[in-house]
Amino acid sequence: MFASVMTVSQVMAQSSAKPTVAVLATGGTIAGTAAQQSQTTGYKPGVLTAQALIASVPSLGEVANVTAEQVVNVGSDNMDNPILLKLAKRINTLLQRDDVSGVVVTHGTDTLEETAYFLNLVVKSDKPVVVTGSMRPSTAIGADGPSNILQAVAVAASPQAKGRGVMVVLNDRIGSARFTTKTDANALDTFKSPEAGDLGRLVNQVPLFETQVAKRHTVQTPFDISQLDTLPKVDILYGYQNDSGYLYDAAVQNHAQGIVVAGVGAGSESNFVLPAIRNAIQKGVVVVRSTRAGSGYIPEDDAYVGLLGDTLNPQKARILLMLALTVTHDPAKIQQMLHTF
Ligand code: ASP
């Protein structure tokens, strides 16, 4: 006879006290509504409140005591640095409390990975923090939001989730914020961790962990946002055939402290933009090479300039570079951070 996986309520029934999980809602499709059940586009994101989201999943009560708070209610294309700082500060405050076991953030999927990686670098606790969202609005047939919320709370309530850094949970997958990225603009199963793989999965809504990430996170980083109201400006510029150096000049003129090059291939920079990138570096801008390829490692190459983005995709490299610039402008130290986190 095969051992069966318990349901999440069976797991929770075994433990005496239910953990408390704080759900912080920020908007997105998971809180979105449309006129028609068939609509998976053209809906309005960020409509449902945090309380309404929780109320849509009655079985949450079997998993944890859940509290709900609204941080903002926006589409994640409109997430900005002030919201990131507000969210992270609130999470750090909540996790200091003995009666809070973990946090779930509901978020639009478009920039979810950026918020998740930011939190992965600035949360100062080893308690679980899980970011989730949905691809279908709450009014759609087969809406994925309720299941994703239940799974996210199950992970945040799990003692096994402690110390793994911030996690992204959707569609039965548990991914690390360091590696998880949105891979498809429309598909339900869009969040993947290319090459690195997921941390684990959920079966019967029970988290089953399989791997750890070696990159450092949360309490192991030097980033302290508690006193910050702003973050350094870092832009991302894309590499393509016949690309234009004037975009780099514009970033410098607009006071970017950092630029991430979403370079072609393994972070290659064309002869069309290299003089402008050199000029930016000479003016004190910290440049990081990344790749537009979707995944991969950036090797050293004397033909190009800038720090190496390791395996960070451009949007994650930008998050790390912003935080690095709050601590140092020393390129050697920032390079080490790019390899460490
Ligand atoms: N545009 C939405 C957002 O990121 C998409 C989603 O949530 O899936 O807020």
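In this text, all values refer to a predicted model and were calculated from it rather than measured experimentally.

A. Representation of the overall build of the chain within the structure. Within the chain one finds ten helices and 14 strands. Its C-alpha atoms give the chain a radius of gyration of 20 Å, within 12% of the compact-globule value 20 Å for 341 residues. For the chain, buried positions account for 52% of its 341 residues. Restricting to contacts in the chain with at least 6 residues of sequence separation, those with at least 24 account for 72%. Accessible surface computed for the chain: about 14,900 Å², of which carbon and sulfur atoms make up 50%.

B. Here's a closer look at the UniProt feature "active site" (unreviewed entry) in the chain. When the UniProt feature table is mapped onto this chain, "active site" (unreviewed entry) is found at Thr29 and Thr109. Across 81 residues, the annotated set stays spatially compact, with a maximum C-alpha separation of 7.5 Å. Relative to the assigned elements, Thr29 resides in the loop between strand 1 (20-27) and helix 2 (50-55). On the accessibility criterion, Thr29 (8% relative accessible area) is buried. In contact with Thr29, other than residues within four places in its own chain, are Tyr43, Pro45, Gly108, Ser134, Met135, Arg136, Pro137 and Ser138. With respect to the helices and strands, the residue Thr109 is situated in the loop between strand 3 (102-106) and helix 5 (112-122).

C. Highlighting a nonpolar patch on the surface. Taken together, the side chains of Tyr238, Tyr240, Tyr246 and Leu247 define a hydrophobic patch exposed on the protein surface, amounting to about 430 Å² of accessible area. The exposed category is assigned to Tyr246, whose relative accessible area is 57%.

D. View of the pattern of salt bridges. Within this structure, the stated rule accounts for ten salt bridges. In this structure, Asp229 engages Lys89 in a salt bridge whose closest nitrogen and oxygen atoms are separated by 3.7 Å. In this pair, Asp229 sits in the loop between strand 10 (206-209) and strand 11 (234-238) while Lys89 sits in helix 4 (residues 81-95), placing the two residues 140 residues apart along the sequence. The residue Lys182 makes a salt bridge to Asp110 at a minimum N-O spacing of 2.7 Å.

E. Fine view of unusual backbone geometry. Here Asn204, not a glycine, exhibits a phi torsion of approximately 55°, which is positive. Mapped onto the elements of the fold, Asn204 is located in the loop between strand 9 (200-203) and strand 10. Exposure remark for Asn204: the relative accessible area of 42% places this residue in the partly exposed category. In this structure, Asn242 is a non-glycine residue whose phi angle is positive, near 65°. One can find Asn242 in the loop between strand 11 and helix 7 (246-253).

F. Geometry of the sheet that holds strand 14 (residues 307-308). Strand order in this open sheet of four strands is 11-12-13-14, and the pairing throughout is parallel. Edge strands, defined here as strands with exactly one partner in the open sheet, are strand 11 and strand 14. In this structure, strand 13 (residues 286-291) lies alongside strand 14, joined through two bridges in parallel fashion. Looking at the pairing, Arg289 lines up with Leu308 of strand 14.

G. Summary view of the site of the ligand. All residues adjacent to the ligand are Gly28, Thr29, Tyr43, Gly75, Ser76, Gly108, Thr109, Asp110 and Ser134. In this structure, Asp110 approaches the ligand through a side-chain N or O atom, which is 2.8 Å from a nitrogen atom. Here an oxygen atom of the ligand sits 3.1 Å away from a polar atom, N or O, in the main chain of Ser134. For the ligand, the accessible surface in isolation is 260 Å², of which the surrounding protein chains cover 90%.

H. Expanded view of the sheet that holds strand 5 (residues 167-170). Spatial strand order, 2-1-3-4-5-6-9-10: eight strands in an open sheet with mixed pairing. Of all strands in the sheet, those bounded by a partner on one side alone are strand 2 (65-74) and strand 10. Taken over all neighbouring pairs, the strand axes of this sheet differ in orientation by 25° on average, direction set aside. With four bridges joining them, strand 5 and strand 6 (residues 173-176) adopt antiparallel strand pairing. Paired with Val168 across the bridge in strand 6 is Gly175. Contacting strand 3, strand 4 (129-132) and strand 5, helix 5 runs over the sheet at an angle of about 170° to strand 4.

Definitions and limits used
Residues numbered from 1 in each chain as written. Predicted model: local features only at pLDDT ≥ 70, side-chain atom pairs only at ≥ 80, totals over all residues. Heavy atoms only, no water. Helix = DSSP H or I, 4+ residues; strand = E, 2+ residues; numbered from the N terminus. Rg over C-alpha atoms; globule rule 2.2 N^0.38 Å. Buried < 20%, exposed > 50% of the residue type's maximum accessible area, 1.4 Å probe, protein only. Contact = heavy atoms within 4.5 Å. Areas by Shrake-Rupley, 256 points an atom, 1.4 Å probe, with all protein chains shown as cover. UniProt positions renumbered as here; feature names shortened; annotations may be inferred. Patch = residues over 30% accessible without salt bridge, like charges linked within 9 Å, V, L, I, M, F, W, Y side chains within 5 Å. Salt bridge = Lys/Arg side-chain N within 4 Å of Asp/Glu carboxyl O. Pairing = 2+ DSSP bridges. Near = heavy atom within 4 Å. Polar contact = N/O pair within 3.5 Å; in protein donor to acceptor, adjacent residues only side chain to side chain. Axes fitted to C-alpha atoms, helices over the stretch in contact; angles between N-to-C directions.

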